[in-house]
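# Residue-level structural notes
Here's the letter readout for the chains.
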Amino acid sequence: TGLGAGMSINVSGLYLAEIAPRRIRGTITTMNAVCVHTGPFIGYLVSYALHRRDVDTNDNWRFGYLSEAVLASSLWLLSYIFLPRSPYWLLTRGLNAEAEKIVNQRVKESDFLKRIGIINRIMATMKADMNQEPATWKETICDSANIYPLLLGCGLASVSQLVGVEAMLIYSSFTLSKMGVGETDSVLVGTMLAFSILLAAVITTFIVDIPSIGRRTPLLIGAAGVALASIILGVCAGGGISSGYSATAFVVWGLCYGFGYASVVYAVTPEIFAGGYRSKSVAIAGAVTRLSAFCVSMSYLYVAQSSIGLAGTFYTFGAVATLGFAFCMVSVPDLTHTNIGDYAKNPNAYSPAQRFSRSRRAGGKENEDGDFKLYEFEGNDEDEDETHGLLLSRG
């Protein structure tokens, strides 16, 4: 189960980023986060229902595994029947004709000559992105062209977990009971926490591709909110605060985490790597994510019950979240409506410091620095280049 889930999370995010049209790539990739966080919510919901019905807690885990084996696995296997292969992957295998066939299926232009021109430009840009053989593991880690994107991806991956999400979800009942919340209410608050993360992730999917909002805005708002909510939880854990405030802070923490880290990381990570490095770099970032989550989940109970205490633990999470906010502010670019892999070609051009000096306008107007034009779709007289992450036209 662990091996299957670990591989699928990495591969699904990479696949969605490569197959999604550029104008909705953020929405598609963050929908992956919505699906990921639907699982904990359903698990908490089932746990709460069983708890309310006084079902033997020793058998509760059986219901979870049964639903996973029958429902989740069946849907998973059936979905693979209808999924096309990634054109990027096909190009690395020399299957250009099959890649072009998939591109052809996704271009909506009805005029034959325009359609051919669009397909040719898309294929040329895809080949430019995949202009090298897939990098080896050594090249992925050591090549100077990939070092900064890899550090950025791994940094974002680790911060998203070191703020304490695994501790919040796995040990919510323990934590809330220490804050004076009753057993049944703690299960309910845990369910509300999982739902708040899911709800905020859903909201993010609707705004992450709006150029004026993009990836950075929800990420920074969410990161700042997680830091503040963690500090408030530390105050609550210190004693003398009503359990109702603790429960509220839990839910607010979940909303902020879902709005930022839980969703935006899925969009940004595959966008920052060049074609030849992308698959292995995403895998490394995914491994860092799980390693960070493992460290938090394995150490939380020990630290919370040590001399540091629960309050100190949450203050530590707050400090990490504050550093995470600073990291995101300084380092994480906004790649809304850019071509996948563009960032790796020139990271400085997309750095937050350059963000306000660049003007990426939608509606077919070229940027002053010659960036890709952005076109409206369906019904626009301009050329429409639409496929898996590539909507482009050079001036």
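Let me begin by describing the structure that accompanies this report. (Residues numbered from 1 in each chain as written. Predicted model: local features only at pLDDT ≥ 70, side-chain atom pairs only at ≥ 80, totals over all residues. Heavy atoms only, no water.)

## Side note on the packing of aromatic side chains
For the record, the criterion: Working definition: a ring pair exists when centres of Phe, Tyr or Trp rings (six-membered ring for Trp) sit within 6.5 Å. Plane angles under 30 degrees give stacked, over 60 give edge-to-face, the rest tilted. Under the scheme used here, helices are H or I runs from DSSP no shorter than 4 residues and strands are E runs no shorter than 2 residues, and both carry numbers assigned from the N terminus.
A full pass over the atoms with the stated rule returns seven aromatic pairs. Each ring, one from Phe174 and one from Tyr300, has its centre 6.4 Å from the other, and the planes form 85°; the classification is edge-to-face. Placement of Phe174 in helix α10 (residues 172-178) and of Tyr300 in helix α15 (residues 275-304) is noted, with a sequence separation of 126 residues between them. Ring centres 5.2 Å apart and planes at 5° place the aromatic pair Trp253 and Tyr257 in the stacked group.

## Thoughts on the packing of helix α12 (residues 216-237) against helix α16 (residues 309-331)
Note the following rule: The axes are straight lines fitted to the C-alpha atoms, using for helices just the contacting stretch, and the angles between their N-to-C directions are given from 0 to 180°. For classification purposes, an angle smaller than 35 degrees is called roughly parallel, one larger than 145 roughly antiparallel, one from 65 to 115 roughly perpendicular, and anything else oblique. Left-handed describes a crossing whose near helix is turned anticlockwise from the far helix through less than a right angle; right-handed describes the clockwise counterpart.
Between α12 and α16, the shortest axis-to-axis distance is 7 Å and the interhelical angle comes to 165°. In terms of their interaxial angle, α12 and α16 are classed as roughly antiparallel. The handedness of the crossing between α12 and α16 comes out as left-handed.

## Re the nonpolar core
Threshold: In this text, buried Ala, Val, Leu, Ile, Met, Phe, Trp, Tyr and Cys residues form a nonpolar core when linked through side-chain atoms within 4.5 Å. Here's how the labels work: a residue is buried when its accessible area is under 20% of the maximum for its type, exposed when over 50%, partly exposed in between, all with a 1.4 Å probe on protein chains only. Every residue pair with non-hydrogen atoms within 4.5 Å of one another is taken to be in contact.
Among the nonpolar cores identified, the biggest contains 61 residues, and Val163, Leu233, Trp253, Tyr257, Tyr261, Tyr300 and Phe314 are the most heavily contacted of them. Here the element with the most residues in this core is α12; it accounts for eight residues. Look past the residues within four positions of Leu233 in its chain and what remains in contact with it is Met168, Met179, Ser246, Ala249, Phe250, Trp253 and Phe314. Counting 16 residues, the second largest nonpolar core, distinct from the first, contains Tyr15, Ala17, Ala99 and Ile340.

## Details of the side chain of Ser158
By secondary structure assignment, the location of Ser158 is in helix α8 (residues 144-162). On the accessibility criterion, Ser158 (16% relative accessible area) is buried. Setting aside residues up to four positions removed in sequence, Ser158 forms contacts with Val288 and Ser292.

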